[in-house]
Amino acid sequence: EAGVAQSPRYKIIEKRQSVAFWCNPISGHATLYWYQQILGQGPKLLIQFQNNGVVDDSQLPKDRFSAERLKGVDSTLKIQPAKLEDSAVYLCASRGTGTTGELFFGEGSRLTVL
Amino acid sequence: GDSVTQMEGPVTLSEEAFLTINCTYTATGYPSLFWYVQYPGEGLQLLLKATKADDKGSNKGFEATYRKETTSFHLEKGSVQVSDSAVYFCALSANQAGTALIFGKGTTLSVSS
């Protein structure tokens, strides 16, 4: 079974530039999550999708971050304009059915903002 | 709100030593509890889980018991190996369909031979 795919693995940009990350979840997984992991901290939820609808985006900085999940499969996370404090690893995860189902994580996209 | 607190790292051990990484949580209701591991250069992967009080999760020689009375889920292993060197994250999920995981800050384990 293919895992969660993310790209790019690494991205370096200047502050105020924009960046986009892509995620392809495990086939059939309706729930998709984007997490931000700053160095030395645990992952923090940014947004959760159920199919192509947003379930929770309460911690997403909406003035600069946006995310979409068209057709309930792939998802993109965009940052525009980027700030220095956005340097982090952006993790995508998906989950199958059931209330205690395991989250499957991709390898993450490491962003460095200079 | 719900939260997870893990012991500060790094934890440095010699091979075959006993490992304990403490984890406590704050949550309303009865969450599910998880330990995830992140090996160098790899993504997060589930190590073990427990879904109700007194459940014991186990995998690869690691164990953790869901203790409701002390709101704890401490990770233990009787004899660590160099290959166990990684970052370990404790996490919880409210028992509702599709609820996101809330993670602790992670504990880095370094095992030397």
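Given the structure is predicted, the values throughout are model-derived calculations rather than measurements. (Residues numbered from 1 in each chain as written. Chains lettered and ligands numbered in written order. Predicted model: local features only at pLDDT ≥ 70, side-chain atom pairs only at ≥ 80, totals over all residues. Heavy atoms only, no water.)

Draft legend 1. The arrangement of the state of the cysteines in detail. Counted under the stated rule, the structure contains two disulfides over all chains. Residue A:C23 pairs covalently with A:C92 via a disulfide, S to S 1.9 Å. Between A:C23 and A:C92 the disulfide shows an S-S torsion of about -65°. By sign, it is left-handed. With A:C23 in strand β3 (residues 19–24) and A:C92 in strand β9 (residues 88–95), this pair connects stretches of sequence that are 69 residues apart. Residue class for A:C92 comes out buried when judged on its relative accessible area of 0%. Covalently, B:C23 is tied to B:C90 through a disulfide, its sulfur atoms 1.9 Å apart. One disulfide, between B:C23 and B:C90, carries an S-S torsion of -70° and so falls in the left-handed class. With B:C23 in strand β4 (residues 23–26) and B:C90 in strand β10 (residues 86–93), this pair connects stretches of sequence that are 67 residues apart. Of the residues examined, B:C23 reaches a relative accessible area of 1% and is grouped as buried. (Disulfide = S-S within 2.5 Å. Helix = DSSP H or I, 4+ residues; strand = E, 2+ residues; numbered from the N terminus. Buried < 20%, exposed > 50% of the residue type's maximum accessible area, 1.4 Å probe, protein only.)

Draft legend 2. Structural view of the interface of chain B and chain A. Listed per partner, the contact involves 22 residues of chain B and 21 residues of chain A. For the pairing of chain B and chain A, the buried interface totals around 1600 Å² over both sides, and the portion due to carbon and sulfur atoms is 54%. Between the two partners, chain B and chain A, sit zero salt bridges. Counting every contact that joins chain B to chain A gives four residue pairs in polar contact (both at pLDDT 80 or more). For the side of chain B that touches chain A, the element with the most residues is strand β5 (residues 32–38) of chain B, which contributes four residues. (Contact = heavy atoms within 4.5 Å. Buried area = accessible area lost by both parts, 1.4 Å probe. Salt bridge = Lys/Arg side-chain N within 4 Å of Asp/Glu carboxyl O. Polar contact = N/O pair within 3.5 Å; in protein donor to acceptor, adjacent residues only side chain to side chain.)

Draft legend 3. Looking closely at the pairing of strand β6 (residues 53–56) of chain A. All names here are of chain A. Sheet topology note: the strand β5 (residues 44–50)/β6 ladder contains three bridges and is antiparallel. Opposite Q50, over in β6, you have G53 as the bridge partner. Connecting β5 to the antiparallel partner β6 that follows it, the hairpin turn spans two residues, and N51 within it adopts a positive phi of roughly 55°. (Pairing = 2+ DSSP bridges.)

Draft legend 4. Broad picture of the sheet that holds strand β3 (residues 19–21) of chain B. Residue and element names in this part refer to chain B. Strand order in the open sheet formed by four strands is β3-β9-β8-β7, and the pairing between neighbours is antiparallel. Only two strands of the sheet have a single neighbouring strand rather than two, namely β3 and β7 (56–59). Each strand axis lies, on average, 15° off the axis of its neighbour in the sheet, ignoring direction. Examined bridge by bridge, β7 and strand β8 (residues 62–65) share four bridges and lie antiparallel to one another. The residue of β8 that forms the bridge with S58 is E63. (Axes fitted to C-alpha atoms, helices over the stretch in contact; angles between N-to-C directions.)

Draft legend 5. How the structure looks around the environment of B:E63. All names here are of chain B. For E63, the position within the fold is in strand β8. Residue E63 is classed as partly exposed on the basis of its relative accessible area of 34%. On a C-alpha basis, the gap between E63 and W35 in space is 9.6 Å, while along the polypeptide they are 28 residues apart. Not counting the four nearest positions on each side in its chain, E63 is found in contact with L48, K56, G57, S58, H74, L75 and E76.

Draft legend 6. Examining the sheet that holds strand β1 (residues 5–7) of chain A more closely. All names here are of chain A. The strand order across the open sheet built from four strands is β1-β3-β8-β7, with neighbouring strands paired in antiparallel fashion. Edge strands, defined here as strands with exactly one partner in the open sheet, are β1 and β7 (65–68). The sheet shows a mean angle of 15° between the axes of neighbouring strands, taken without regard to direction. Where β1 lies against β3, three bridges are found, and the strand directions are antiparallel. From the neighbouring strand, S7 faces β3, where its bridge partner is W22.

Draft legend 7. Representation of the confidence of the model for chain A. Looking at chain A as a whole, its pLDDT mean stands at 92, while 96% of the residues score no less than 70. Per-residue pLDDT, averaged within each element of chain A, yields its smallest value for strand β10 (residues 103–105) of chain A (91) and its largest for strand β8 (residues 75–79) of chain A (98). (pLDDT = per-residue confidence, 0-100.)

Draft legend 8. View of the pattern of salt bridges. Residue and element names in this part refer to chain A. According to the stated counting rule, one finds six salt bridges over all chains in the structure shown. Two residues, D57 and K62, come together in a salt bridge whose shortest N-O distance is 3.7 Å. For D57, a relative accessible area of 26% gives the class partly exposed.

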